[in-house]
Amino acid sequence: MIIELPKLNFDPKSLAPAISAETIDYHYNKHHTMYVENINKLIVWTEFENLSLEEIIQKSSAGPIFNNAAQVWNHNFYFEALSPKPEIMPNLILLENIIEKWGSLDNFKVEFNKMAISNFGSWWTWLIKDKNSWKLDIINTSNAITPISNPENSQIPLLVCDVWEHAYYIDYRNKRAKYLDNFWKVLDWKIVERRFK
Ligand SMILES: [Fe+2]
């Protein structure tokens, strides 16, 4: 099975000034594309050759196959929710859950951004919901680690921010907090809601 690179839902120039066309060019056309090319090469003649991307992530152990497969999935999830004309608020049920946990949408964003600047190195910051209770939480995962890597895991990802330097360094240099503030301007809650349902 060929692991495909999903097309972007937006024109690469259209997220500026939050995310520039140059950043999208490097991030999508170079980094994301490289992960897709790598995983397609790595699985040839292996037990993973005919598996879906999710199955590869869940059945591989730490190493190049897991890292590249998980990076493809994480980037698919990140780019899918970006839009030049985003829905800027979640719908009632999701919003109610956010308010119950963090008090307000703005406060949730503050807590999310705090998590996203708290780690050292390369990682992803996620809003997740519990499979059984529908409770929400914010987590960080290092390197390529993804909430879907363990099928027993009850964490369902709803949204992710890429906090690897390649996601923001061209536009923001070391000002990661500014990238995080502007991330919300292009995050489409319509996609997050669909995942929540
Ligand atoms: Fe990335």
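Residues numbered from 1 in each chain as written. Predicted model: local features only at pLDDT ≥ 70, side-chain atom pairs only at ≥ 80, totals over all residues.

Draft legend 1. Quick peek at the overall build of the chain. A count of helices and strands for the chain gives eight helices and three strands. Tracing the chain from N to C terminus, the helices and strands come up as α-α-α-α-α-β-β-β-α-α-α. Taking 16 Å as the expected radius of gyration for a compact globule of 197 residues, we find that the chain reaches 16 Å, a close match to that expectation. Its C-alpha atoms give the chain principal-axis dimensions of about 50 × 40 × 30 Å. Each of the 197 residues in the chain was classed as buried or not, and the buried ones make up 31%. Of the contacts formed within the chain by residues at least 6 apart in sequence, a portion of 66% connects residues at least 24 apart. (Helix = DSSP H or I, 4+ residues; strand = E, 2+ residues; numbered from the N terminus. Rg over C-alpha atoms; globule rule 2.2 N^0.38 Å. Buried ≥ 20, exposed ≤ 12 C-beta atoms within 10 Å, placed from the backbone. Contact = placed C-beta atoms within 7 Å.)

Draft legend 2. Just the domain arrangement of the chain, in detail. For the chain, the domain assignment lists domain 1 (21-80) and domain 2 (92-196). Measuring from the centre of the C-alpha atoms in domain 1 to the corresponding centre in domain 2 gives 20 Å. Listed as interface residues are 17 residues of domain 1 and, on the opposing side, 15 residues of domain 2. Of all elements in the fold, only α1 (21-42), α2 (53-59) and α3 (64-80) reach the threshold of two or more residues within the side of domain 1 that touches domain 2. Of the residues forming the side of domain 1 that touches domain 2, the biggest block, nine residues, is contributed by α3. The residue makeup of the side of domain 1 that touches domain 2, split by class, is seven nonpolar, seven polar and three charged. (Domains from an automatic or database assignment. Nonpolar A, V, L, I, M, F, W, Y, C, P; charged D, E, K, R; others polar.)

Draft legend 3. Summary view of helix α7 (residues 176-183). Every buried residue of α7 is accounted for by Tyr179, Leu180 and Phe183. Along the axis of α7, the buried positions cluster into a sector of 100°, meaning they face one direction only. Looking at the buried side of α7, the elements it contacts are α5 (105-118), β3 (155-162) and α6 (169-172). (Arc of directions from axis to C-beta.)

Draft legend 4. Fine view of unusual backbone geometry. The residue after Ala16, namely Pro17, is reached through a cis peptide bond having omega 5°. Turning to its location among the elements, Pro17 is positioned in the segment before α1. Of note, Trp134 is a non-glycine position whose phi angle comes to about 70°, a positive value. Take Trp134: it is sitting in the loop between β1 (123-130) and β2 (136-142). Judged by the 12 C-beta atoms lying within 10 Å of it, Trp134 is exposed.

Draft legend 5. Spatial organisation of the sheet that holds β1. The strand order across the open sheet built from three strands is β2-β1-β3, with neighbouring strands paired in antiparallel fashion. A single partner strand is all that each edge strand has here, and the edge strands are β2 and β3. Going across the sheet, the axis of each strand differs from the next one's by a mean of 30°, ignoring polarity. In the sheet, β1 pairs with β2 via seven bridges, with the strands oriented antiparallel. Residue Trp126 lies in a different strand from β2, and its bridge partner there is Ile139. (Pairing = 2+ DSSP bridges. Axes fitted to C-alpha atoms, helices over the stretch in contact; angles between N-to-C directions.)

Draft legend 6. How the structure looks around the packing of α5 against α7. Where α5 meets α7, the axes come as close as 10 Å, and the angle between the chain directions of the two elements is 145°. The chirality of how α5 crosses α7 is right-handed. Touching Asn113, Ala116 and Ile117 of α5 are Arg176, Ala177 and Leu180, all from α7. Among the residues forming the contact of α5 with α7, the class breakdown is four nonpolar, one polar and one charged. (Left-handed = near helix turned anticlockwise from the far one by under 90°.)

Draft legend 7. Layout of the nonpolar core. Ile39, Ile65, Ala69, Val72, Leu159 and Val160 are the most contacted members of the largest nonpolar core, which has 44 residues in total. Among the elements that take part in this core, α3 stands out by supplying eight residues, more than any other. Of the residues that make up this core, three or more belong to each of domain 1 (21-80) and domain 2 (92-196). Sequence-distant contacts of Ala69, that is, excluding residues within four places in its chain, are made with Ile39, Leu53, Ile56, Ile57 and Ser60. (Core = buried A, V, L, I, M, F, W, Y, C linked by C-beta atoms within 7 Å.)

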